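What follows is each chain in one-letter form.
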Amino acid sequence: MKCLILYFSQTNSTRKVAEAIGEELAAHEWYLKLKNIKDEKVDHLEEYDLIGFGSPVYYFRLPFIVEDYLKSLPDLNNKAVFSFISYGSYYFNVPFQIRKILKEKNTVNLGFYAARGEDKYLGYLKEGVLLSESRPNKDDISQAKEFTRYLIESFQQNTASENNYSYKSKNKKNLIYNIESLLTKRWLIDKIYTRLFFSKKSCTGCGKCVKECPQNNIILNSKKRPQWGKSCELCFNCEMICPVQAIYSSADMKIFDPVFKYNVRQAINDNEINYTEIDYKKGEIIKK
Ligand SMILES: Cc1cc2nc3c(=O)[nH]c(=O)nc-3n(C[C@H](O)[C@H](O)[C@H](O)COP(=O)(O)O)c2cc1C
Ligand code: SF4
Ligand code: SF4
């Protein structure tokens with residue numbers, strides 16, 4: 001049997017879950033192809049017996065790159081599929097968002113798995129906190145493998161059902177989160193936040209930010225200075241990987257501090273979320 005796992009991962013947590021699922025499938029003698037959609041789009045999905053989709057959670061929803069990719073898929077003609085996510089604190093309605101799109105693509109859903117993933121969101125790092133540190137951990141990985149054995153069984157016995165595997169949402173939505181969700185709508189990111197990226201004089205024009213942007217949203221202008229376009233994830237990856245810390249963005253603006261502080265406070269007061277205190281200096285996370 002052939003399985004294709006398509007995932008998006010910036011900081012490797014979703015990739016680790018994808019690889020764990022892949023290892024278990026391979027151990028059951030499945031042929032496997034694993035692809036990060038930021039590197040390569042895969043055609044000919046019809047060649048596979050089973051397709052898995054993996055994603056992090058960004059701003060209470062799917063990252064745009066994943067949402068756009070899923071929506072661009074052709075009709076999958078009753079293909080068996082499954083999905084998985086990694087998330088730092090709360091995943092809200094993301095499983096339902098994935099399921100809705102996949103349903104529209106005419107798929108048979110075998111299940112869903114969620115694991116915590118180390119949360120390197122720049123706003124929180126600047127607050128000195130690394131949420132879900134070292135996740136996915138050994139237990140998360142072994143649960144991913146258990147989930148895979150369940151998938152294989154459902155596939156073989158043809159017992160797939162929408163409700164077979166945990167689709168429950170990790171929903172801690174309150175008024176503040178609802179407001180944050182509104183403030184990170186796509187049109188606002190496209191129209192406002194994307195204009196709030198600036199390069200400082202220290203920029204060397206190395207082009208690393210251009211290369212590492214998952215949305216190809218940055219170009220170097222004739223003066224070898226980065227210029228941001230309008231299709232941004234607001235992931236702040238460009239800022240985090242700049243070797244000379246030459247990028248200034250909304251993540252550095254004092255006006256957003258209360259939001260980061262609120263979210264961090266909520267998360268560290270939740271016994272289910274592990275975290276560690278850190279210093280974030282020159283793009284490096286230094287654990288205390
Ligand atoms: C821009 C951004 C927004 C995020 N928003 C959320 C969120 O709303 N809820 C959550 O639980 N985690 C959130 N996270 C944390 C990631 O979902 C988590 O760290 C995930 O494991 C990252 O996956 P990756 O390492 O495969 O990229 C966010 C991270 C980033 C970078
Ligand atoms: S990574 Fe930093 S130094 Fe390199 S081009 Fe981008 S902003 Fe300039
Ligand atoms: S924040 Fe930076 S790296 Fe992320 S999508 Fe926007 S421009 Fe690209």
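Residues numbered from 1 in each chain as written. Chains lettered and ligands numbered in written order. Predicted model: local features only at pLDDT ≥ 70, side-chain atom pairs only at ≥ 80, totals over all residues. Heavy atoms only, no water.

Caption draft 1: Here's a closer look at the sheet that holds strand 2 (residues 31–36). With parallel pairing, five strands are arranged side by side in an open sheet as 2-1-3-4-5. With partners counted over all chains shown, the strands left at the sheet margins are strand 2 and strand 5 (107–116), one partner each. Strand-to-strand twist in this sheet, taken as the mean axis angle between neighbours without regard to direction, amounts to 15°. Across nine bridges, the pairing between strand 4 (residues 79–87) and strand 5 is parallel. From the neighbouring strand, tyrosine 87 faces strand 5, where its bridge partner is arginine 116. (Pairing = 2+ DSSP bridges. Helix = DSSP H or I, 4+ residues; strand = E, 2+ residues; numbered from the N terminus. Axes fitted to C-alpha atoms, helices over the stretch in contact; angles between N-to-C directions.)

Caption draft 2: Seen up close, the domain arrangement of the chain. Along its sequence, the chain is carved into domain 1 (2–119 + 134–157) and domain 2 (175–287). Computed over C-alpha atoms only, the centres of domain 1 and domain 2 are separated by 25 Å. Taken together, the contact pairs 20 residues of domain 1 with 21 residues of domain 2. Taken together, both faces of the contact between domain 1 and domain 2 bury some 1,600 Å²; the carbon and sulfur share is 51%. Broken down residue by residue, the surface that domain 1 buries against domain 2 is led by Tyr59, Phe60 and Phe64, which jointly contribute 38%. Seen at the junction of domain 1 and domain 2, the total is one salt bridge. Where domain 1 meets domain 2, there are eight residue pairs in polar contact (both at pLDDT 80 or more). (Domains from an automatic or database assignment. Contact = heavy atoms within 4.5 Å. Buried area = accessible area lost by both parts, 1.4 Å probe. Salt bridge = Lys/Arg side-chain N within 4 Å of Asp/Glu carboxyl O. Polar contact = N/O pair within 3.5 Å; in protein donor to acceptor, adjacent residues only side chain to side chain.)

Caption draft 3: Structural context of the environment of proline 95. Mapping proline 95 onto the fold places it in helix 3 (residues 94–104). For the pair proline 95 and isoleucine 85, spaced 10 residues apart in sequence, the C-alpha separation works out to 8.1 Å.

Caption draft 4: The arrangement of the site of ligand 1 in detail. Around ligand 1, the surrounding shell holds 22 residues, and the nearest of these are Ser9, Thr11, Thr14, Val57 and Ser86. One of the backbone nitrogen or oxygen atoms of asparagine 12 is found 3.1 Å away from an oxygen atom of ligand 1. Coverage of ligand 1 by the protein amounts to 94% of the 640 Å² it exposes when considered alone. Residue assignment for the shell around ligand 1 shows that the elements contributing at least two residues are helix 1 (13–27) and strand 4. Class assignment for the residues of the shell around ligand 1 results in 10 nonpolar, 10 polar and two charged. (Near = heavy atom within 4 Å. Areas by Shrake-Rupley, 256 points an atom, 1.4 Å probe, with all protein chains shown as cover. Nonpolar A, V, L, I, M, F, W, Y, C, P; charged D, E, K, R; others polar.)

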